[in-house]
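So the chains spell out like this:
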Amino acid sequence: MNKQELQKIKKKALEEHIPIIMDETLEVIEKYLEENKPKRILEIGTAVGYSAICFTQILDEDGVIDTIERDAQRVKEARENIKKAEVEDKINIYEGDAVEILPTLDNKYDVVFIDAAKGKYPFFLKEALRMINKNGIIFADNILYKGYVMSDYNKHKQRTAVRNLREYIKEVSENPNLETEILEVGDGLAISKII
Ligand code: SAH
Ligand code: MG
C-alpha cells in the first residue's frame with residue numbers, strides 16, 4: 001500500500017465533497033478488526049475507493065475486498081485510485097446497483113460494511129445476514145444521519161431514509177443472533193456482531 005497516495009486520494013475526495021468515511025469512524029472499525037484479521041470483506045458503496053483502500057491494511061495477507069458502486073464515474077476513479085495505492089490485487093469492484101448485484105453474490109464474508117443508499121439499509125442487512133460468516137461483523141455507516149434518525153420531525157426529503165434507518169436499527173436490535181451497538185461517532189455507526 002502506498003500511504004502517500006492514500007493521503008492524496010483522501011484530500012481530493014474531501015475537496016470534491018465525496019462522503020468518504022470519517023477518521024473517527026475508521027478508527028473504531030480498525031480497532032474492532034485489529035485482532036481478527038478478516039479474510040473477506042464486502043463493502044456496499046465504494047465511492048472513489050478510499051475506505052476500501054484503508055481496509056486493505058487490516059485485511060489478512062491473502063484476503064480480498066469486494067465492493068459495489070453504481071456511479072460509473074466514481075467506479076472509474078476508484079479503479080485509478082486503487083492502482084495508485086498499489087492494492088489492485090486486494091480489491092474487486094462490482095459496478096452496478098447493489099440492489100441488483102447483491103442477490104447474485106454467494107460468497108461468505110467476515111465483515112460487511114454498509115455505506116450506500118440509506119433507504120436500502122434493511123435490504124442490505126438481509127443480504128449481509130445471508131452471506132456473513134459465524135463470528136462475522138456488520139458495520140453500517142451514517143446510521144444516525146446527521147441526527148435526523150433521533151429527531152421527531154424531519155423534512156419530507158429525509159423521511160424515507162430516516163424510516164429505513166430506523167427499521168435497520170430495530171431489526172438489528174431485535175435479532176437474537178446479533179449483538180448490536182450504535183455509536184455516535186462520525187455520522188453514527190451501527191456495529192452488529194454475529195453471536
Ligand atoms: N465507502 C466510501 C464512501 C461511500 S459514499 C468511503 O468511505 O470511501 C456512498 C456511495 O454509495 C456513493 O458513491 C453512491 O454512488 C453509492 N451508492 C448509493 N446507493 C447505491 C446502490 N444502491 N448501489 C451501489 N452503489 C450505491
Ligand atoms: Mg458513510
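Here we summarise the structure given alongside this text. Along each chain, the written sequence defines residue order, and numbers are assigned to residues from 1. Naming scheme: in the order in which they are written, chains are lettered from A and ligands are numbered from 1. Side-chain atom pairs in this predicted model are given and counted only at pLDDT of 80 or more, local residue features only at pLDDT of at least 70, and totals for whole chains, interfaces and linings cover all residues. Think of the side-chain values as coming from all heavy atoms in the structure, minus any hydrogens and water.

So, about the site of ligand 1. Note on definitions. A residue lies near a molecule or strand when any single heavy atom of the residue is within 4 Å of it. Inspection of the region around ligand 1 gives 19 residues, with Ile-21, Gly-45, Glu-69, Arg-74 and Ala-98 positioned closest. Residue Glu-69 places a side-chain N or O atom 2.6 Å away from an oxygen atom belonging to ligand 1. Each accessible area is a Shrake-Rupley estimate made with a 1.4 Å probe; only the visible protein chains count as cover when residues are assessed. Relative to its free-state accessible area of 580 Å², ligand 1 is covered by the protein chains to the extent of 93%. Along the lines of polarity and charge, the residues of the shell around ligand 1 split into 8 nonpolar, 4 polar and 7 charged. Pairs of N or O atoms are called polar contacts if they sit within 3.5 Å, as long as, within protein, a hydrogen donor faces a hydrogen acceptor (for residues adjacent in sequence, only side-chain-to-side-chain pairs). Only Asp, Glu, Lys and Arg are considered charged in this grouping, and only Ala, Val, Leu, Ile, Met, Phe, Trp, Tyr, Cys and Pro are considered nonpolar; every other residue, Gly among them, is considered polar.

Secondary structure elements are taken from DSSP: a helix is a run of H or I of four residues or more, a strand is a run of E of two residues or more, and numbering for both begins at the N terminus. Expected helix span is computed as 1.5 Å times (number of residues minus one). Along its 13 residues, helix H1 (residues 3-15) runs 19 Å from first to last C-alpha, staying within 8% of the 18 Å computed at 1.5 Å per residue. Categorising residues by exposure relies on relative accessible area from a 1.4 Å probe, with only protein chains included: less than 20% of the type maximum marks a residue as buried, more than 50% marks it as exposed, and the intermediate range marks it as partly exposed. Those residues of H1 not exposed but buried are Glu-5, Leu-6, Ile-9, Lys-10 and Ala-13. Projected onto a plane normal to the axis of H1, the buried residues spread over an arc of 140° and lie on a single side. Relative to its buried face, H1 has exposed residues pointing more than 90 degrees away, namely Gln-4, Lys-8, Lys-11 and Glu-15. What makes two residues a contact is simply this: any of their non-hydrogen atoms within 4.5 Å. Residues of H1 that are buried make contact with helix H2 (23-33), helix H3 (50-55) and helix H4 (72-84). Backbone nitrogen of Gln-4 and a side-chain oxygen of the N-cap are separated by 3.2 Å at the start of H1; the cap is Asn-2. The arc in question is traced by the directions running from the helix axis to the C-beta atoms.

Taking burial as the measure, the 6 residues of strand E7 (residues 189-194) include 5 buried ones, the bulk of the element. Here the rule is simple: two strands pair whenever DSSP picks up at least two bridges between them. Strand direction decides the pairing type here: strand E6 (residues 178-183) and E7, joined by 6 bridges, are antiparallel. Following the sheet pairing, Leu-183 is matched in E7 by Leu-189. Connecting the antiparallel pair E6 and E7 is a turn made up of 5 residues, with Gly-186 showing a positive phi of about 55°.

Protein-derived ligands of the magnesium ion (ligand 2) are Asp-115 (OD), Asp-141 (OD) and Asn-142 (OD1), with the metal-ligand distances lying across 2.1 to 2.2 Å. Only N, O and S atoms count as donors, using a 2.8 Å cut-off from the metal and 3.2 Å for Na, K and Ca, and because water is excluded some sites may appear unfinished. In the primary sequence, the donor residues of the magnesium ion (ligand 2) line up as D-x25-D-N. Within this pair, whereas Asp-115 is found in the loop between strand E4 (109-114) and helix H6 (121-131), its partner Asp-141 is found in strand E5 (residues 132-141), the two being separated by 26 residues in sequence. The buried category is assigned to Asp-115, whose relative accessible area is 15%. A residue is classified by how much of its surface remains accessible, and Asp-141, at 5% relative accessible area, is buried.

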